[in-house]
Amino acid sequence: MLKINSIFLCSLVCCLFLITCGTRHSTEIVFWHALGGPPGDTLNRMVEDFNHEHPDIRVKAISMGNYQALSQKIMASIQANNQPDLAQVYESWTANLINGQAIVQLDQFIDDDPAFKADLADIFPVFIKSNTFDGKIYSFPFNKSVRVMYYNKDIFYRNGLDHEAPPVTWQEFIELCKLFTTDRKGTGKIDQCGTSFNTDMWRFENLLLQAGGDILNPDQTTPAFNTEAGIEALEFFLKLLHEDKSAYLSPSFEAQNHFLAENIAFVEGSSTSYIWMQTAEVNFNMGIAPVPIYKTDRNIISGTNIAIFDKKDTARSKAAWEFVKWFSLPEQTAKFSANTYYMPIRRSAIELPILQEKLQEQPGLLGIYKQLENADIEPQIPKWFEFRRYMEENVLEKVFLQNLSPSEALLQAETRWNAE
């Protein structure tokens, strides 16, 4: 009996030892994000893949539902000293977090990994730029997107046009919008327009850069939008809305619904809008293409990055970095892009089979990827997050409704900026 008990006790001790060894070095890190729907599902699957491949690390992904809630939650957590290990952040948020010494510099991890440091050349430069503050990398590209033009190929076909030749320039776009605005059903009323849009600052920023302008001066202290380029960008909208009457305003994302209902021929949106429209019932051949250009082909990227919060715990920070690094590997960023239509952050990812198959399905994607070579970023300062909302409500909306002229609205915005 004593012998049996001894064997039992020995086995029990060994089991406890193995269990302890298996969990002693396991690090759980919390990741806050705002993705939902198909992109959120993809992210959750990839987090599971990471956890499976890294038994010593467990990432717990928690969605906050939307970016406003995420922003508020992050700020509250810092005040309560209960912040996550990782979170999605916009550049303007990052600037605030740096000022508050709330996040970890990533250069320390990159410098300790020569192979990964060499891989930085594979990442599109605009993504490195968007995460670099005063010469130091504080965050890393995560779900980044560019603007895309979606178009109804069937409307091209019905008008005797090449459905694989979408407009390339502003002027071609304007002409086609005018052509496609028609009384399709013969009721005496226009029931199909060229396009529709809302007071979207991102689109204005794109047009401003394409007209040869800039948002702010190089040191991001004074406005650069109150120029001839800014006026041209606003006049582009006015020509469609009021001169040609080939466009109309739609709130929020309603323009996408009008596009899916075949009430408009073109709609602009994020590259990731494609995954949402795929979930709807599309009864026509839909094409995707780069946005039309003007004097330049410069464009603005959108989307968030990922930052590691400084919890004064080296093990947690290193575990968080392992996830950031893993998510940026060619095969992972290619998988994320293929399933969400966010942009791959590496050039080499485009050559992988999973994205080559997407290019076979939608040849227009190649031109969209190429937009990254001439892409730029929004201002990286805390003030911009709120000021862009002011621009939407007090410049774009008032100009579109003809309550102010382009020059009046831009001057008022410049004055407001300088006063603040």
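Residues numbered from 1 in each chain as written. Predicted model: local features only at pLDDT ≥ 70, side-chain atom pairs only at ≥ 80, totals over all residues. Heavy atoms only, no water.

Caption draft 1: Quick look at the side chain of Asn-305. Mapped onto the elements, Asn-305 comes out in strand 13 (residues 302–308). According to the relative accessible area criterion, Asn-305 is buried, its value standing at 0%. At 3.1 Å, the side chain of Asn-305 and the side chain of Lys-144 are in polar contact. If we skip the residues at most four places from it in the chain, Asn-305 touches Ala-87, Gln-88, Val-89, Glu-91, Ser-130, Asn-131, Ser-139, Phe-140, Pro-141, Phe-142 and Lys-144. (Helix = DSSP H or I, 4+ residues; strand = E, 2+ residues; numbered from the N terminus. Buried < 20%, exposed > 50% of the residue type's maximum accessible area, 1.4 Å probe, protein only. Polar contact = N/O pair within 3.5 Å; in protein donor to acceptor, adjacent residues only side chain to side chain. Contact = heavy atoms within 4.5 Å.)

Caption draft 2: Region of interest: the packing of aromatic side chains. One pass over the full model with this rule turns up 41 aromatic pairs. For the pair Trp-384 and Trp-417, a centre-to-centre distance of 6.3 Å together with 55° between the ring planes defines the contact as tilted. With Trp-384 in helix 18 (residues 382–400) and Trp-417 in helix 19 (residues 406–419), this residue pair connects regions lying 33 residues apart in the sequence. The residues Trp-384 and Trp-417 share a single accessibility class, namely buried. Grouping aromatic residues by their ring pairs yields a cluster made of Tyr-151, Phe-156, Trp-170, Phe-173, Phe-180, Phe-197, Phe-236, Phe-237, Phe-266, Tyr-294 and Phe-400. (Phe/Tyr/Trp six-rings, centres within 6.5 Å; stacked < 30°, edge-to-face > 60°.)

Caption draft 3: Spatial organisation of the sheet that holds strand 1 (residues 27–33). The mixed open sheet is built from 5 strands, whose spatial order is 2-1-3-13-6. Every other strand in the sheet has two partners, leaving strand 2 (57–63) and strand 6 (140–145) as the edge strands with one partner each. Neighbouring strand axes in the sheet, compared pairwise and without regard to direction, differ in orientation by 20° on average. Pairing geometry for strand 1 and strand 3 (residues 86–89), over 2 bridges, is parallel. By the bridge assignment, Phe-31 is partnered in strand 3 with Leu-86. Sheet strands touched by helix 2 (residues 37–53): strand 1, strand 2 and strand 6. Its angle to strand 2, the strand with the most contacts, is close to 165°. (Pairing = 2+ DSSP bridges. Axes fitted to C-alpha atoms, helices over the stretch in contact; angles between N-to-C directions.)

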